[in-house]
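Below are the chains, spelled out letter by letter.
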Amino acid sequence: MSETKGDNLRLRVSYKEARLSGRVASFRGHGGSGLDLSTALLDEYHERLFVGARDRVYSLALDGTHSDYREISWPCTGEQREDCELKGKDVHMRVFFVRVPQPFNQTHLLACCTGAFHPSCALVNVGRKAEDHTFKLEPQSIENGQGRCPFGPKEPFASTVVDGQLYTGLLADFFEEDAAIFRTGTPQHRAIRTEHSNPQVLNGLPEPRFVAAHLIPDTDDPLDNKVYFFFSERATEADGRSRARFSRVGRVCANDEGGQRVLVNKWSTFTKARLLCSIPGSDGIDTHFDQLEDVFLLQTSDEKNPEVYAIFSTTHSDIFKGFAVCAYSMAAIRDVFKGAFAHREGPRHHWATFQGRVPYPRPGTCLSDLTAPPGSTYHSTRGLPDEVLHFARSHPLMDQPARPRHGRPVFVSTQPGRRLTRIAVDRVQAQDAAYDAIFLGTDTGQVLKVISISTSQDFPPEEIILEEIQVFEKPSPILTMDLSVKRGKLYVGTREAAAQVSLQQCELYGATCAECCLARDPYCAWDGHSCTKY
């Protein structure tokens, strides 16, 4: 362990120190040969970490011992490998990469894999409770996964399950040209998607990179539920900068059925807004971080109002390169969607604030008992007037961006050669105040523990890097990060391995009360004898 000076970093913990102290425990798959990990899901109800990997799904205990790990083998057939070869894909791609483990119901996961460029989905039985020790793929449930899972192992995408339906944002075709937000069909709801993107379509998704998808209820009425998508895309409103990219938050109503004559089997409630993260400049020119990298929802006592934390990076800048973390309130995001729409006459025109009459019901509104006035005949989007649907189709973009708390990032990193890849946040009640502990994964297998201290609404928060922990022996990008507040652990994954990391190691700060307290780690306190967990 080394203490650093001058760069706002308290402690640097090496891989050897973290492993020998028991702070880090890792899993590298059967025989320690490596996982080829692609995704992970923390399930605290079943007390397991589910890991999607190459040709396998793993179930790991959350205690870090991995002594009773379970696995499901899901290999592709010889015929699928041959077909993949005929399509010109290399040997590494001629396998199944499990990309979607999502909780489907209390007893099953929905798992989807690339299927050697034949996406497939299936249900995995995980039992009703942790003591059941059940982990079995149900072969009779295997079905086509196109529109649910990417064709390849590296394409960024986002997904979430709501009431048994999978919502995904992805490139849905083999050639990676059809970008869309999908909802799978069920007996209750028809399959639905965004329109195919092309220069003539105003509500398409130009070259998106999907990051996250979450159900965030707006009210107590389940019919008013909305699914939010976080992504970046080519900025069509960036005049004169056709290759510029902006980060977005988009949303759709979960009960959207599309239109009857217009937007048939297409989202009729899809709207999006810019997600702004920038440092105000003294000369009036802001430094923008426009590429969204990861998103974390910090849950609060009100499930309708989580706080949104996100990592952003700079794009196309030779002058300044860096990463920033911005935090947003859901109230601020919702206010943007309640505001003015942006408008342009066509693909060759500039976007401007829409000044005309917005049709009723307002596009983007979920039709429910709470939102419908007395005597309303609008009980489904399929009954909406064509005027509303035409407006929704041509006005997907909101005029104003969503701005972060304090109007600026809560953390900025400009260290050369280091990229921030993943984020998780814990709100910790310490002895003196509440702190937001921000955990950041890097492209070199490190986890940074940062605290953001707010002293006033009028001033930006103070940022302190408490620890830099080398979690993996081999420097490799952290691809997944899950936080268990109950257990006080982080679960992180790289391509080669998954690891459990304790949130604190208080004794490293020193053997005196002054050293312990001045560290300002909200997980630690002086107990009269040593620096220990608070």
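The chain has the name Semaphorin 3G in an unreviewed UniProt entry, where Petromyzon marinus is given as its organism.

(A) The arrangement of the state of the cysteines in detail. Scanning the model with the defined rule gives 5 disulfides in all. Between the sulfur of C253 and that of C366 lies a disulfide, 2.0 Å long from S to S. Linking C253 and C366, the disulfide has an S-S dihedral of approximately -95° and is accordingly described as left-handed. With C253 in strand β19 (residues 245-253) and C366 in the loop between β27 (352-353) and α4 (386-394), this residue pair connects regions lying 113 residues apart in the sequence. There is no split in this pair, since C253 and C366 are both buried. Paired through a disulfide, C516 and C531 show a sulfur-sulfur distance of 2.2 Å. Linking C516 and C531, the disulfide has an S-S dihedral of approximately 70° and is accordingly described as right-handed. Highlighted residues: C516 in helix α5 (residues 513-519) and C531 in strand β37 (residues 531-533), separated in sequence by 15 residues. There is no split in this pair, since C516 and C531 are both buried. Look at the chain and number its bonded cysteines as they come in the sequence; the links are 1-2, 3-6, 4-5, 7-9, 8-10. You can see C149 has no disulfide; the closest cysteine sulfur is in C112, sitting 5.6 Å from it.

(B) How the structure looks around unusual backbone geometry. That bond from Y360 to P361 is cis: its omega, -5°, falls within 30 degrees of zero. Along the chain, P361 turns up in the loop between β27 and α4. If you check the backbone angles, N265 has positive phi at about 55° while not being a glycine. With respect to the element layout, N265 can be found in the loop between β19 and β20 (271-274). Look at R520: it is not a glycine, yet its phi comes out positive at around 65°. Along the chain, the position of R520 falls in the loop between α5 and β36 (524-526).

(C) Region of the structure containing the sheet that holds strand β35 (residues 498-502). Taken in spatial order, the 4 strands line up as β3-β35-β34-β33 in an open sheet, and their pairing is antiparallel. One side of each edge strand has no neighbouring strand; the edge strands of this open sheet are β3 (24-27) and β33 (480-484). Strand-to-strand twist of the sheet, defined as the mean angle between neighbouring strand axes without regard to direction, takes the value 15°. Relative to β35, strand β34 (residues 489-493) runs antiparallel, the two being bridged by 5 bridges.

(D) Broad picture of the pattern of salt bridges. Enumeration according to the criterion identifies 35 salt bridges in this entry. The shortest N-O distance in the salt bridge between R393 and E195 comes to 2.8 Å. Of the two residues, R393 sits in helix α4 while E195 sits in the loop between β16 (192-193) and β17 (209-216), which places them 198 residues apart along the sequence. Judged by relative accessible area, R393 falls into the partly exposed class, the value being 36%. Note on E195: relative accessible area 10%, which makes it buried.

(E) Structural context of the confidence of the model for the chain. Confidence in the prediction for the chain averages 88 pLDDT; 89% of positions are at 70 or higher. Under a pLDDT of 50 for its full length, residues 2-6 has, in the predicted model, 7 contacts with residues more than four places off or in other chains.

(F) Summary view of the environment of A433. The residue A433 is located in the loop between β29 (420-429) and β30 (434-442) in this model. Of the residues examined, A433 reaches a relative accessible area of 30% and is grouped as partly exposed.

(G) Representation of the sheet that holds strand β18 (residues 226-234) in the model. Across the sheet, which stays open at both edges, the 4 strands sit in the order β17-β18-β19-β20 with antiparallel pairing between neighbours. Where the open sheet ends on each side, the last strands, each with one partner, are β17 and β20. Ignoring which end each strand starts from, the neighbouring axes of this sheet average 25° apart. With 4 bridges connecting them, β19 and β20 associate as antiparallel partners. Of the residues in β20, the one forming a bridge with G250 is K272.

(H) Focus on the nonpolar core. Core analysis: the largest hydrophobic core is formed by 53 residues, its most contacted members being Y309, I423, L440, V471, L490 and V492. Composition of this core by domain shows at least three residues from each of domain 1 (1-33 + 420-505) and domain 3 (156-417). Setting aside residues no more than four positions away along its own chain, L490 makes contact with A424, F439, V447, M481, D482, L483, A499, Q500, V501 and L503.

About the thresholds
- Residues numbered from 1 in each chain as written.
- Predicted model: local features only at pLDDT ≥ 70, side-chain atom pairs only at ≥ 80, totals over all residues.
- Heavy atoms only, no water.
- Disulfide = S-S within 2.5 Å.
- Helix = DSSP H or I, 4+ residues; strand = E, 2+ residues; numbered from the N terminus.
- Buried < 20%, exposed > 50% of the residue type's maximum accessible area, 1.4 Å probe, protein only.
- Pairing = 2+ DSSP bridges.
- Axes fitted to C-alpha atoms, helices over the stretch in contact; angles between N-to-C directions.
- Salt bridge = Lys/Arg side-chain N within 4 Å of Asp/Glu carboxyl O.
- pLDDT = per-residue confidence, 0-100.
- Contact = heavy atoms within 4.5 Å.
- Core = buried A, V, L, I, M, F, W, Y, C linked by side-chain atoms within 4.5 Å.
- Domains from an automatic or database assignment.

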